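Take a look at the letters that make up each chain.
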Amino acid sequence: MEQVVSLKNMEISKDNWVEVKDKLAHELIVALTQKNEDSTKLFFHELVSCLIKHTLEIHYFLDFVASIKEQKSAIEELVDILWMFGSIVDKDGDDMKFLGEIVNQLESEKLVPLTMLLERLPDLLVIHSGIFVKSVKQYRTNLARVNTEYFLNQLKYNLFHEESEGYSKLLVELNLFNDTGNYTLVIEHIQSLIGYFNLDPNRVLDVILDFFEYGMNQNGYYEIISNFPCINVSHILGFKYQSYHKKGKTVPKRLYHVTALLISKEFLTVEEIIAHFEPDFDDLYRDFKANEEKIISICNTTRGFDDENRIQHEKVRYKKEQEFYANGQIFGLIEALISIGCWDMANKLLDMYKCVNPVAYQPISKAICHKIHKMIEPLYRYISPCPEKELEGNTETEGLGTYDHVVLELFPIIYQLGIYLYTDILLISKLCRVFRYMIDNDSKDISEIENILGDIILPSLSMINSNPSVGMEIWNVIKKFPYQRRYRIYSMWKNNKKYTILNGVKIVTSKEIGKIQRRTVDDNAKEMGQLVAKLTHSCPSIIFQNLLEQIEVYLNQIPRVVECFKYITALSFDVLSYTLVTHLAKSAEEKPQVSDDGHTVSKWLISLSKFCGSLYKKYSHKMDTVPILVYISKQISNEEIWQLLILREILNSMTNSNIHEEEYNDERVIMLSAFSELKSRGLELVSAGPDISRNFSRSKDILMKRLIQSDILIELYITISQRRATYIYTSLGSDFVKIVGEIHDQIQETLLQYGKYINNHIFVHPKQGFHYLNKNGKIPTIDMLINTYKIEPVSAFHLLRNNLGDIYNDLPLSTSINDSNLSIINEVETIMPEHIKQFLSPLFFTVFWSFDLKDICFPEDIYGKQIGLLKDSKKSSLKDEYQMHEGTYKSKVDNLKEMAQKWFQGNEDGIAVAFLESCILPRCLFSASDALFCSYFVELLCNMPHVGFSLFTFLDHIFRVDLRVILYTCTESETRRFSRLMRHMLTLLKSWKEKSLFQTEVLPYLQDELSFEQFLQKCAKYERGLQKAFVQYLKCGTYMKIRNSLLVLTEIRTVYPSYRKIVSDIKYDINALLEDPREDIKVLALSYVTVLTKLKESGSLSRDFEKDINGGVVPERKRKSKDSRKKSKDSDKKDSDKDGKKESKNRRSRSRSRRDDKSRKPSPMDEEKDRSRRKNGDRSSKREPSKKESENNDNEKSSSKRESERDEHERTSKRESSKRESEKDDIDRPSKRESSKRGPERDESDRPSRRDSSKRESERDDNERSSKRESSKRESERDSNERSSKRESERDSKERSSKREPERDEQERTSKRESSKRESEK
């Protein structure tokens, strides 16, 4: 509560008084205009207080009051403050005398009316002022005299003097007056009869009032009654009302009518007559509250009604309500005043008795409705769909002349009627049509119409029992408003709690829907759905709120609920969208959006998301999707990222755009990014059936129109892009790095899904597509998206890449970008960082970001494959597209080759870093198709000689220098996309490993000058670099590093590793992860171990790692002496012990015994143990063994395999060393057969290589080696025969032992049963 102006700190003097007075007066008038009563009271209180404290001189006060004396309300407030001070100050003190002096001067200078002072001021203050009496004694004497005369003196009249003949003649005169209407003569005769027959004037007046009640000539009776005192008229009428009340009779309407007429002619005042009415105000209020409580209790105790019981309940409630109002005489008078057109007096009484809700009395509501009918009749006559009879009454005087008078005269009456407008359904329809006509003609009173709709008309609809036609009339008005105003109207409707009867209807409706839900099963879903739809005609928000709360808990109810909505009206659909948005917003504030584990979305949000998808898909033509999309956009801006789930469900259900490119191979991704025909074939393959996109054409078009009309199309894309760019940085303090990555992937997935819908459907639309949007200024440029809206270049170009030619007129569509395209290149130059401009030209930057995958990739083999699979009738369109794609591809590639010389500048390393930082990484991590684009673009650069781009410098950064940083900063989906680029690069290098192909087709185009052996050396170094990076991350223990490394290894498994040594080294470190406590890491590791095992067994791995990494030079292998052999044996034993530490104690002991006793024949006890172990292993496999057990089994198998291979290697080396005569040992690369017998190579990097000193020595040594090879070959064949015979003997012993296994098993089971039986007996 703010004060107008404070006088405490204000210095008032003669010099500044005029300025202060004007300021005070101005501020006071402003407060009065704003009806700020509290501020004005505080001001006058401080003003009078300053007077009493003598801080303000009295002449200043009088001067100020004189300046505001025209403001009546201000003078009244001043007098009230004077009354307050007169009541609290000392009665005989100086302050009272000073206040009396102030009052005297106010009256003497005519600043305050005398009557106001006498009416409002206390008696003592009036006495001290001396304006009425001079002394207290005189005042008390006069007061006693007046009270005695008023209360004690009685008028006596002798009724025996009356003669009955006088009344007979009076009746005759009054009857003649009804016929002739000559009231002057009748008045003279009545006066003569009163005097001649000594008639009581009051009884004569009573007879006249009775005739007036039944008479027709009303104007004449007014003249007759005017000759009697008005106070007597009120007393006689009051006596009549009290007589009816005492006898328990109903007051006739004609008496109310007479009373109303006399009030309208000012023979009576309302205050005079209502003093005689029964029951009084206090009794009425008490009975009204008791009736309200009874209605609420009935609504709370009921469980809902069917149609018949509901109608019966309404009748009982209506009867009790009308009985209460029929017993109140004041309500009959109000109805009579309204019916005769005395609305001002009736409105005054309605305000006085508003606490008992008089409009609930049906005669009053009917009278108000009839008055509104007459008022709108002249206006409605022009817009009525059919002519109707004129209403009774004077429509010319009561009707509204123009629509401007509707707000001034009609709206206050409608507000007074309230929700009881429901008693006249025809009037609701008329008002809706009038409002619709006003809106169509751009009326200035639209806000008032909104208030009427939200406060009166829609709550009145809740009181009507299921009338969809009325709802449609209301919807024809509401649909004229934008959704923001519509939702404001629905909010007013939903939160209206002024009427008890309306609250009772909401309670009953809520219980009815609960009863229907409990009765709904699959067999009666249709019937129950119709009942639900019937309830929504009256109270849709209550019904939808209950259904949404049920859907949050029970996901399986979604199909039933969605199906029942096909019976509801358009108004109910709009209320449903409002209820859905408000419920989502309320739930997001009150409920957690993430489950307790912090990893998954809450159940309620998942349920509502699926409901939104199903709802907007089925009823896309009836529901507006813009409000919920705006809500999602605002939520995303407020960092409520989980709400994106709703957007994804809506897009999936309405556009069928739920295609994740990461799940498909390169061929599918290329098909999905190609032209229309091949893309359609790709969609068929992805959906495992025919292309069903045409089934979603209707919902796609509807969503497109809504997005375009609401201007949220680009806004939503920008909002998601901004959140994608900033989410990682705003979540840096989060402890759940995995969750942050998953949320970022969901944002990216939603952005791709929405962008795909925009580019593939909206922008290509013939009428409302990109050309239409760009023409109307709804498409921003690249510069605006990046610099104004602060989104990343990858998101900006993803949106506009296919339509850059329409934005920039100097960008030819047929060719490509060149130096003449200045506008886009100038914009691109402004968004390029300065350190990038040193190495990459704006022309290259523009080319890279403006081209698409289909521009630089012509899938000739895919076209041929798909053409071969189609029937002859369907081949023509695909062949035409094939030729068109081939032509565009060649022209664009040729154009690129022409301008390629202007792309790069600076050193090769700087070019590679700038290219990777500003082009490859942002686009590669965006989507799978963009990752493929980067791969093909790099390959395209390799086919352009002398452009300044070094492929191997670029690959050095990917495979060796920057790999660790890239892996650590990627989410799961980004890691998979980057893996696609790595796989393509490794595949490219692998395809060049044929010497003839490399020298003829590859080498001429490479920027780097290197031989084939150097190329193989680089490839080997890349694999070694990858191995070091992966091994380092696999051992670090950090979740993100381990997971991303495993993901990359799994994705590039077809091309890496290609050397047997690298497989062994990686597998050793992967096995350590099989015991990781994190389940997802353990699953990935186990999966990749399986991949490595299959890869090792396939025989496709190369053993030339040492040769390739040394540039084609085979390293020498030293002949080991006895001491070195012993040391190697000891080191091998230490390695095996080190491996065994990871196993359990029992398995380590079994491994040692098996290594020591390798040559001896197994004993029966050992066979029994092995058989039981295998048996237990079989059983554990049947019961799906745990991951720890499978790890141990794999470790045991791998260790035993390494041990056998090591033993065989030792034996082979012994045989060879005994036959060697020379210490020179230049070992050629063994064949596959020899290498399989000798086992895996040891650490070949520790053995130095040596070359022959001369050509002659090499020839001599070749002869010696050939003889030695022949002898070793014969020796190895003999050893292989011995091993085969040994294996056969072991196989025979195992078969014999397996025959005895059933008997031993049976004995074991028998002994177990007996032992368990003994234990149970104990």
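Residues numbered from 1 in each chain as written. Predicted model: local features only at pLDDT ≥ 70, side-chain atom pairs only at ≥ 80, totals over all residues. Heavy atoms only, no water.

## Digging into the overall build of the chain
To keep things clear, this is the line we draw: Each helix corresponds to a stretch of at least 4 residues labelled H or I by DSSP, and each strand to a stretch of at least 2 residues labelled E; elements are numbered beginning at the N terminus. Accessible area is worked out with a 1.4 Å probe on protein chains only. A residue is then buried under 20% of its type maximum, exposed over 50%, and partly exposed in between. Working rule for contacts: check all heavy atoms of both residues, and any pair within 4.5 Å makes them a contact. Computed with the Shrake-Rupley method and a 1.4 Å probe, the accessible areas treat only the protein chains shown as cover for residues.
A count of helical and extended segments in the chain gives 66 helices and zero strands. Per-residue burial over the chain gives 48% buried out of 1322 residues. Across the chain, contacts joining residues at least 24 apart in sequence account for 75% of those joining residues at least 6 apart. As displayed, the chain has an accessible area near 67900 Å², and 49% of this comes from carbon and sulfur atoms.

## Structural notes on the pattern of salt bridges
Short version of the rule: When a carboxyl oxygen of Asp or Glu lies within 4 Å of a side-chain nitrogen of Lys or Arg, that pair is called a salt bridge.
Evaluation of the coordinates by the stated rule reveals 38 salt bridges. The salt bridge partner of aspartate 80 is arginine 120, with a shortest N-O separation of 3.4 Å. With aspartate 80 in helix H4 (residues 72-88) and arginine 120 in helix H6 (residues 114-120), the pair connects residues that are 40 residues apart, well separated along the chain. With a shortest N-O distance of 3.2 Å, aspartate 666 and arginine 983 are connected by a salt bridge. Separated by 317 residues along the polypeptide, aspartate 666 in helix H35 (residues 666-672) and arginine 983 in helix H54 (residues 972-991) bring together distant segments of the chain.

## Regarding the side chain of serine 538
Relative to the helices and strands, serine 538 resides in the loop between helix H28 (525-536) and helix H29 (540-553). When its relative accessible area of 6% is taken as the criterion, serine 538 is described as buried. What serine 538 contacts, discounting residues up to four positions off in sequence, is Leu461, Ser462, Ile464, Asn465, Ser466 and Trp493.

## Thoughts on a negative patch on the surface
Note the cut-off: Note that patches include only residues with greater than 30% relative accessible area and no salt bridge, and the join distances are 9 Å for like charges and 5 Å for nonpolar side chains (Val, Leu, Ile, Met, Phe, Trp, Tyr). Charge convention: Lys and Arg are scored as positive, Asp and Glu as negative, and His as well as the terminal groups of each chain are ignored. A charged residue contributes its charge at one atom only: NZ of Lys, CZ of Arg, CG of Asp or CD of Glu.
Together, Asp90, Asp92, Asp94 and Asp95 make up a region of like negative charge exposed at the surface. Inspection of the secondary structure puts aspartate 90 in the loop between H4 and helix H5 (94-108).

## Thoughts on the nonpolar core
Heads up, the rule is: Side-chain atoms within 4.5 Å are what join buried Ala, Val, Leu, Ile, Met, Phe, Trp, Tyr and Cys residues into a set we call a nonpolar core.
Core analysis: the biggest nonpolar cluster contains 326 residues, and Leu262, Leu333, Phe565, Ile628, Trp903 and Phe915 have the highest contact counts within it. Sorting elements by how many residues they give to this core places helix H56 (residues 1012-1036) first, with 11 residues. Sequence-distant contacts of leucine 333, defined by excluding residues within four places in its chain, comprise Tyr256, Thr259, Ala260, Ile263, Ile273, Ile274, Phe277 and Leu349. Phe64, Ile68, Phe98 and Val126 belong to the second largest nonpolar core, which has 41 residues in total.

## Notes on H28
What counts, and what does not: Expected span, for any helix, means 1.5 Å times one less than how many residues it has. Along the arc lie the directions from the helix axis toward the C-beta atoms.
Compared with the 16 Å implied by 1.5 Å per residue over 12 residues, the 16 Å span of H28 between its first and last C-alpha is a close match. Within the span of H28, buried status applies to Met528, Gly529, Val532, Ala533, Leu535 and Thr536. Angular distribution of buried residues about the axis of H28 spans 155°; they occupy a single face of the element. Buried residues belonging to H28 abut helix H27 (500-519), H29, helix H30 (558-564) and helix H31 (570-590).

## Digging into H5
Its 15 residues place the ends of H5 21 Å apart at the C-alpha level, agreeing with the 21 Å of an ideal helix rising 1.5 Å per residue. For H5, the complete set of buried residues consists of Met96, Phe98, Leu99, Gly100, Ile102, Val103, Leu106 and Glu107. Next to the buried residues of H5 lie helix H2 (37-52), helix H3 (58-67), H4, H6 and helix H7 (123-129).

## Notes on the packing of helix H11 (residues 201-214) against helix H14 (residues 253-264)
Selection criterion: Fitted lines through C-alpha atoms give the axes, limited to the stretch in contact for helices. The angle between two N-to-C directions lies from 0 to 180 degrees. Small angles under 35 degrees read as roughly parallel and large ones over 145 as roughly antiparallel, with 65 to 115 read as roughly perpendicular and the rest as oblique.
Interaxial distance between H11 and H14 falls to 9 Å at its minimum, and their mutual angle equals 105°. In this view, H11 runs roughly perpendicular relative to H14, as classed from their interaxial angle. Along its contact with H11, which presents Leu209, Phe212, Glu213 and Tyr214, the element H14 presents Arg254, Leu255, Val258, Leu261 and Leu262.

## Digging into the confidence of the model for the chain
The cut-off we apply is this: Looking at any residue, its pLDDT shows the predictor's confidence there, from 0 to 100.
In this model, the chain carries a mean pLDDT of 77, and residues with pLDDT of at least 70 account for 75%. Here residues 1131-1169 is modelled with pLDDT under 50, and outside its nearest four sequence neighbours on either side it reaches 43 contacts, counting other chains as well. Across residues 1217-1258, confidence stays below pLDDT 50; counting only partners more than four residues off in sequence or on other chains, it has 60 contacts.

## Quick notes on the packing of aromatic side chains
Condition: Any two of the Phe, Tyr and Trp rings considered here, Trp counted by its six-membered ring, make a pair once their centres fall within 6.5 Å; the pair's planes then place it as stacked at under 30 degrees, edge-to-face at over 60, or tilted in between. Over a ring means this: the NZ of a Lys or the CZ of an Arg is within 6 Å of the ring centre and within 35 degrees of the ring normal.
All told, the structure shown has 48 aromatic pairs when counted by the stated rule. Across the ring face of phenylalanine 675, the terminal group of lysine 854 is positioned such that the distance to the ring centre comes to 5.7 Å. Between arginine 923 and the ring centre of phenylalanine 933, over which it is positioned, the NZ or CZ distance is 3.6 Å.

## Things to note about unusual backbone geometry
With an omega of -10°, the peptide bond between glutamate 278 and proline 279 qualifies as cis. Here proline 279 shows up in the loop between helix H15 (270-274) and helix H16 (281-301). Of the consecutive residues tyrosine 1056 and proline 1057, the connecting peptide bond is found in the cis state with omega at -5°. With respect to the element layout, proline 1057 can be found in the loop between helix H57 (1039-1051) and helix H58 (1060-1071).

## Some details on a nonpolar patch on the surface
Residues Tyr150, Phe151 and Leu152 make up a contiguous nonpolar surface patch of about 440 Å² in total accessible area. Locating phenylalanine 151 in the fold gives a position in helix H8 (residues 136-151).

## Some remarks on the packing of H11 against helix H13 (residues 230-247)
Rule in force here: We call a crossing left-handed when the near helix sits turned anticlockwise from the far one by less than a right angle, and right-handed when that turn is clockwise. Each residue gets one label: Ala, Val, Leu, Ile, Met, Phe, Trp, Tyr, Cys and Pro are nonpolar, Asp, Glu, Lys and Arg are charged, and the others, such as Gly, are polar.
Across the interface, H11 lies against H13 with an axial gap of 10 Å and an inter-helix angle of 65°. In terms of axis orientation, H11 runs roughly perpendicular to H13. Taken as a pair, H11 and H13 cross one another with a handedness that is right-handed. From H11, Asn202, Leu205, Asp206, Leu209 and Asp210 reach across to H13, where they touch Asn232, Val233, Ile236, Leu237 and Lys240. Of the residues belonging to the contact of H11 with H13, the class tally is five nonpolar, two polar and three charged.

## Topic: the environment of glutamate 1051
Tracing the backbone through its elements, the reader meets glutamate 1051 in helix H57. Along the primary structure glutamate 1051 and arginine 980 are separated by 71 residues, whereas in three dimensions their C-alpha atoms are 7.2 Å apart. Ignoring sequence-local partners within four residues, the contact set of glutamate 1051 consists of Arg976, Ser979 and Arg983.

## Structural notes on the environment of isoleucine 791
With respect to the helices and strands, isoleucine 791 occurs in the loop between helix H41 (782-788) and helix H42 (793-800). Taking the C-alpha atoms as reference points, isoleucine 791 and isoleucine 720, separated by 71 residues in sequence, lie 9.4 Å from one another.

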